[in-house]
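# Observations on chain architecture
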Amino acid sequence: MQQEKEKLWAGEVFAEFEKKMEKVAEKSKDKIPALAIDGVHDDRGDGTKEWRADDGLNWWTNGFWGGMLWMLYAETGKERYGEIARISERKLDACFESFLGLHHDVGFMWMPTAVADYRLTGNREARKRGLHAADLLAGRFNPAGGFIRAWNDIPGSGDDTRGWAIIDCMFNITLLYWASEETKDPRFRQIAMLHADTVRENFIRPDGSVKHIVEFDPETGAVRRDYGGQGYGEGSSWTRGQGWGLYGFALSFLHTGKAEYLETAEKIGDYFAANIPEDGLIPVDFCQPAEPLWYDDTAAAVAACGFLELSGMEAVPEDKRIFYREAALKLLKALDEKHCDWTEKSDCFLTHCSGSYHGEQHNHTLVYADSFFLEAILKLKGAPFLLW
Ligand code: GLY
């Protein structure tokens, strides 16, 4: 009975989301939206917010626009969403051409675009793009440390990130699970699992919180140190990273059935749930000072997806399933009631996101926040299509 009420609520939220997106999709069809920061990139003085692209075609979030459209296509059956999604999918082909700007985030770029297209329509060109991206990701595996290398060094910068691995990559490895499922060649899945095992051993603290960046010696694989990364500082708990870990390990369990991944997802989930503030709104870092109050709605939306995924798993005990569903609902209701712009003055939905704690901008819009919010609402509604 309670679940039926929640499904009905999710259906209403979805209908409102789709009503706005139908117009926004048409208006933004030739862009790959990333963000619309009021007052900085987008100060037109009238309070309106319009989607715009970010840092070039290789930007890691460039798959989410397509992903939102494919989720809408899957749920409504409207062909137009697929047509618009394919505009950005084709644009991303230029990234394969230039190659050098690409790094571990190829999963974030091609899972929600090409792989979603292939899964939903059987498009063979899209399949090829997905497999191409999976080969690039597999090529970043360092057997010494058993991790997928994050990012690239900027030539001449003096940086050395050859030994860096990051929690975010738990999402990129879903591309490898898909590639093995698709080709029946286990090597992709094996790389993904070796990476997930390394993350399990080295990123998760005893209290269930998660580090953002761990540096390994790229020759020997020995752990060197960790970094606060996009969070408040060393030893802190960047909330989006907690979300990547929670949902990422749940997905690894879903693709492999390995019980340790589920245990890890639950451990991170329990930590996250224990730290949800009274008002249900998630800060950029669970360890940040009380002021300034910077939020990350993206973290809330990603975590809500992870909680809902766990709440649907038979391997999770009944009481924990209810607990995780309640945690997701608390997050989603807070986003809907307090941080969602449902007006048509804005192309975007969630209003209080932050790329990182020490970044220049806070409490603004981000395309992946909207995408994970939509994904969570669809999960609650009971929609079957999974992007990852
Ligand atoms: N994957 C990068 C981020 O979460 O900002």
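Reading the values: rules and limits
Numbers given to residues run from 1 along each chain, matching the order in which its sequence is written. Per-residue local features of the predicted model are confined to residues with pLDDT of at least 70, and side-chain atom pairs are confined, for both listing and counting, to 80 or more; whole-chain, interface and lining totals are unaffected and use all residues. Hydrogens and waters are ignored; side-chain quantities use all the structure's heavy atoms. UniProt positions are given in the numbering used here, feature names are shortened, and annotations may be inferred rather than shown by experiment. Here a helix means four or more residues in a row that DSSP labels H or I, a strand means two or more in a row labelled E, and each is numbered from the N terminus. In what follows, residue pairs with any heavy atoms lying within 4.5 Å of each other are defined as contacts. Two N or O atoms count as a polar contact when they lie within 3.5 Å, although within protein this holds only if one can serve as hydrogen donor and the other as acceptor, and sequence-adjacent residues are included solely when both atoms are side-chain atoms. Note on aromatic pairs: the rings of Phe, Tyr and Trp (six-membered ring only in Trp) are paired at centre separations within 6.5 Å, and the planes decide the class, stacked below 30 degrees, edge-to-face beyond 60, tilted for the rest. For every residue, the accessible area obtained with a 1.4 Å probe (protein chains only) is divided by the maximum for its type, and the residue is called buried under 20%, exposed over 50%, and partly exposed between those limits. One heavy atom suffices: a residue is near a molecule or strand as soon as one of its heavy atoms comes within 4 Å of it. For the area figures, the Shrake-Rupley method with a 1.4 Å probe applies, and any residue is considered shielded solely by the protein chains shown. Here the nonpolar group is Ala, Val, Leu, Ile, Met, Phe, Trp, Tyr, Cys and Pro; Asp, Glu, Lys and Arg are the charged ones; every other residue, Gly included, is treated as polar. Put simply, buried Ala, Val, Leu, Ile, Met, Phe, Trp, Tyr and Cys residues joined by side-chain atoms within 4.5 Å make one nonpolar core. At least two bridges found by DSSP between two strands is the condition for calling them paired. Fitted lines through C-alpha atoms give the axes, limited to the stretch in contact for helices. The angle between two N-to-C directions lies from 0 to 180 degrees. Counted charges follow a simple rule, with Lys and Arg positive, Asp and Glu negative, and His plus the chain ends left uncounted. Here, a salt bridge means any side-chain nitrogen of Lys or Arg that lies within 4 Å of a carboxyl oxygen of Asp or Glu.

Attention now moves to the UniProt feature "active site" (unreviewed entry) in the chain. In this structure's numbering, the residues bearing the UniProt feature "active site" (unreviewed entry) are Asp-105 and Asp-168. With the annotated positions falling across 64 residues, the maximum pairwise C-alpha distance of 8.6 Å places them together in a single cluster. Topologically, Asp-105 is positioned in the loop between helix H4 (93-98) and helix H5 (106-121). Residues contacting Asp-105, with those up to four places away along its chain left out, are Trp-60 and Asn-172. In terms of polar contacts, Asp-105 uses its side chain to reach the side chain of His-104, at 3.1 Å.

In this section: the packing of aromatic side chains. Within this structure, the stated rule accounts for 35 aromatic pairs. Ring centres of Trp-60 and Phe-108 lie 5.0 Å apart, and the angle between their planes is 65°; this geometry places the pair in the edge-to-face category. Here Trp-60 is found in the loop between helix H1 (2-27) and helix H2 (64-76), whereas its partner Phe-108 is found in helix H5, with 48 residues between them in sequence. Of the residues examined, Phe-108 reaches a relative accessible area of 1% and is grouped as buried. Relative to Tyr-247, the ring of Phe-171 has its centre 5.2 Å away and its plane inclined at 70°; by these criteria the two rings are edge-to-face.

Quick look at the site of the ligand now. Near the ligand, the surroundings consist of Trp-60, Asp-168, Gln-230, Trp-238, Arg-240 and Trp-244. Contacts to the ligand include Trp-244, whose side-chain N or O atom sits 3.0 Å from an oxygen atom. Burial of the ligand by the protein amounts to 95% of the accessible area it has alone, namely 200 Å². Broken down by class, the residue content of the shell around the ligand amounts to 3 nonpolar, 1 polar and 2 charged.

Before going further, it helps to spend a moment on the UniProt feature "binding site: substrate" (unreviewed entry) in the chain. Following the UniProt record, the feature "binding site: substrate" (unreviewed entry) maps to Asp-105, Asp-168, Arg-240, Trp-244 and Ser-356 here. When you line up the elements, Asp-168 lands in the loop between strand S3 (164-166) and helix H7 (169-172). Residues within four places of Asp-168 in sequence aside, it is in contact with Phe-108, His-212, Gln-230, Trp-238 and Trp-244. Beyond its immediate chain neighbours, meaning those up to four positions away, Ser-356 contacts Gln-230, Val-284 and His-362.

Moving on, we come to the nonpolar core. In this structure, Trp-110, Leu-176, Phe-307, Leu-332, Phe-372, Phe-373 and Trp-388 are the most contacted members of the largest nonpolar core, which totals 125 residues. Dropping the residues within four chain positions of it, Leu-176 is found in contact with Ala-134, Leu-137, Ala-138, Ile-148, Phe-188, Arg-189, Ile-191 and Ala-192.

Now for the sheet that holds S3. In spatial order, the strands read S3-S4-S5; together these 3 strands make up an open sheet with antiparallel pairing. Each having just a single partner strand, S3 and strand S5 (223-227) make up the two edges of the open sheet. Sheet twist, expressed as the mean angle between neighbouring strand axes with direction ignored, is 25°.

Time to look at the pairing of strand S4 (residues 213-216). On a regular strand, one side chain projects to one face of the sheet and the next to the other, so that they alternate. Side-chain alternation along S4 places Ile-213 and Glu-215 on one buried face and Val-214 and Phe-216 on a second face that is also buried. Pairing of S3 with S4, which is carried by 3 bridges, proceeds in the antiparallel orientation. Counterpart to Trp-164 in the pairing with S4 is Glu-215. Alignment of S4 against S5, held across 4 bridges, turns out to be antiparallel. Each residue of the ladder has a partner; that of Ile-213, found in S5, is Tyr-227.

A cis amide bond links Glu-291 to the next residue, Pro-292, at an omega of -10°. Here Pro-292 is to be found in the loop between helix H11 (259-274) and helix H12 (297-311). Even without being glycine, Lys-184 reaches a positive phi, approximately 65°. With respect to the secondary-structure elements, Lys-184 resides in the loop between helix H8 (174-183) and helix H9 (187-203). Not every positive phi belongs to a glycine, and Asn-363 is a case in point at roughly 55°. Checked against the element boundaries, Asn-363 lands in the loop between helix H13 (318-338) and helix H14 (367-381).

So, on to the side chain of Lys-20. Within the fold, Lys-20 resides in helix H1. Despite its burial, Lys-20 remains without a salt bridge, the nearest opposite charge being carried by Asp-341 at 4.3 Å. Within the local environment of Lys-20, its side chain forms a polar contact with the backbone oxygen of Thr-343, the two atoms lying 2.9 Å apart. In contact with Lys-20, not counting residues within four places along its chain, are Asp-341, Trp-342, Thr-343, Ser-346, Asp-347, Cys-348 and Phe-349.

Side-chain pairs of opposite charge can arise where the charged atoms are in close proximity. Counting across every chain of the model gives 27 salt bridges. The closest approach of N and O atoms between Arg-187 and Asp-185, which form a salt bridge, is 2.7 Å. Connected through shared salt-bridge partners, Glu-18, Glu-22 and Lys-78 make up one network.

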